[in-house]
Amino acid sequence: MDNVLDILIDIASTPALLVALIAVLGNVLQKKDLAATVKGGIKTFVGFLVVTAGAGVIEGSLAPFGEMFQAAFNMQGVVPNNEAIVALALTKYGTYTALIMLTGMVFNILIARITRYKYIYLTGHATLYMACMIAVILSVTGMSTIALVVFGGLALGLANTIFPAIAQPFTRQITKNDSVALGHTGNFGYALSGLIGKYVGNKERSTEDINFPKGLSFLRDSTVSITLTMAVVYVIVALFAGNQFVSENLSGGMNYIIYSLQQAGSFAAGVFVILAGVRLILAEIVPAFKGISEKLVPNSIPALDCPIVFPYAPNAVLIGFLTSFVGGIVSLVIMVLTGTTVIIPGVVPHFFCGATAGVYGNATGGVRGAVVGSFIHGIIISFMPILLMPVMGDLGFQGSTFSDTDYGVTGIFLGNLANNGGQILVIAGILAVLAVLLGLTLFGKKNAKAVSE
């Protein structure tokens, strides 16, 4: 039994394999021939591996940047990093996490089936991380194992339904259709960025329409502009960190300027690879998902990882990252001055989440929306972890914490219920959220019926 569970967990937490199997299932339900089914599964599988490889290249280039930043400005504090905090938590809560993850995926499908919110969350690692945080928070309430798995899974299923739903009005403006949704743990922040862009920006002045002087027209190529911009950022931080620190701790003896330029190029290469992988995935998963929509969950929409929106506004990706990071630095200064826990800007979350926030802000407010939306987003993911720490029990102050907004919203909600009312209040709160979704579904059906009559 344990071996079977381990295999299921490995499949569910491996996005490439999970989504490839979804693509195969969709093609089978459409009764496509063997060749088309196998081709769709393999191309989806490879596409996700390409995206993962690109993300790995980006993370590899950003890791030394984070170390240079801390050394350059002599900063000590908590660094938000989802992978680090999950690795720490799984040693104690691994079984609960696995069971909540599988139960949550089942609840996600059931909720999509019976409500108007038809989002199937396919980002496996994000589901794993959210399951881990829920396991940590609920374990302090004294719930029995069965109750913890059932209600933890229900909480996860609700989160994986609600967060794509709140971002979808803005996702639709980016993709121009409802064929895909966003399944990432920063959806609350992206929706907020889209909302901010709507009120402070001008969508007619898109980041993708920035007019460069004729002599600088080469900057319209996103690979070129990303490389040059990141080269400037890396070199500035490297100059503050100093050649000795970089060559002794990071570059293996390579000159710190040359090393910085290499890392900037690696960053741009990672973005290029991600964009190629996303195009490959979307070409296969969206048509294949039609089978699942028709047979299992009518009108369902696949919710995929945040890089799916990057190809729609590459300039906004870079602008969003940089302004979100500036928001993190401004927040750091405020924390130092006010004497709170200091959150060191995590370069990886500021890239993936900040870049996505930039795309959403641009969709509703153009350049100004991308800048302001991402900046506010950067402040939110800096201060929200401070509010999350107290509800994380023994894991609250271990040098790292969850970074993205959806972790903060879910964790603060469940954690405060757990701390103030124990398991009874937690269960009541989870059921109340489910009741709201069911109520909104019934209300929507009544309105639709009234309009048709």
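### Considerations on the overall build of the protein chain
Then, number 1: Helices and strands together make up the secondary structure of the protein chain, namely 13 helices and 5 strands.
Then, number 2: Classification of the 453 residues of the protein chain by burial places 53% in the buried group.
Then, number 3: Sequence separation of 24 or more characterises 81% of the internal contacts of the protein chain that already satisfy a separation of 6 or more.
Then, number 4: Split by element, the accessible area of the protein chain, about 18,900 Å² in all, is 66% carbon and sulfur.

### Some remarks on the pattern of salt bridges
Then, number 1: With the rule as written, the count across this model stands at 1 salt bridge.
Then, number 2: In this structure, D178 engages R172 in a salt bridge whose closest nitrogen and oxygen atoms are separated by 3.0 Å.
Then, number 3: By relative accessible area, which is 34% here, R172 ends up partly exposed.

### Let's talk about the packing of aromatic side chains
Then, number 1: Enumeration according to the criterion identifies 8 aromatic pairs in this entry.
Then, number 2: Ring geometry for F321 against F351: centres 5.5 Å apart, planes inclined by 80°, an arrangement best described as edge-to-face. Here F351 lies in helix α12 (residues 347-388) and F321 lies in helix α11 (residues 314-338), a separation of 30 residues in the sequence.
Then, number 3: Exposure remark for F351: the relative accessible area of 1% places this residue in the buried category.
Then, number 4: With 4.8 Å between their ring centres and 40° between their planes, F402 and Y407 make a pair best called tilted.

### What about unusual backbone geometry?
Then, number 1: Its identity as a non-glycine residue notwithstanding, K176 has a phi of 70°, on the positive side.
Then, number 2: On the secondary structure map, K176 appears in the loop between α6 (145-175) and β3 (181-182).
Then, number 3: By relative accessible area, which is 68% here, K176 ends up exposed.
Then, number 4: Positioned with a positive phi, N299 is a non-glycine residue whose angle comes to about 65°.
Then, number 5: Summarising the element assignment, N299 is placed in the loop between α10 (256-295) and β4 (301-304).

### Observations concerning the side chain of S251
Then, number 1: Among the secondary structure elements, S251 is positioned in the loop between α9 (243-249) and α10.
Then, number 2: The buried category is assigned to S251, whose relative accessible area is 11%.
Then, number 3: Separated by 2.7 Å, the side chain of S251 and the backbone oxygen of M254 make a polar contact.
Then, number 4: Dropping the residues within four chain positions of it, S251 is found in contact with V246 and Y259.

Rules behind the numbers
Residues numbered from 1 in each chain as written. Predicted model: local features only at pLDDT ≥ 70, side-chain atom pairs only at ≥ 80, totals over all residues. Heavy atoms only, no water. Helix = DSSP H or I, 4+ residues; strand = E, 2+ residues; numbered from the N terminus. Buried < 20%, exposed > 50% of the residue type's maximum accessible area, 1.4 Å probe, protein only. Contact = heavy atoms within 4.5 Å. Areas by Shrake-Rupley, 256 points an atom, 1.4 Å probe, with all protein chains shown as cover. Salt bridge = Lys/Arg side-chain N within 4 Å of Asp/Glu carboxyl O. Phe/Tyr/Trp six-rings, centres within 6.5 Å; stacked < 30°, edge-to-face > 60°. Polar contact = N/O pair within 3.5 Å; in protein donor to acceptor, adjacent residues only side chain to side chain.

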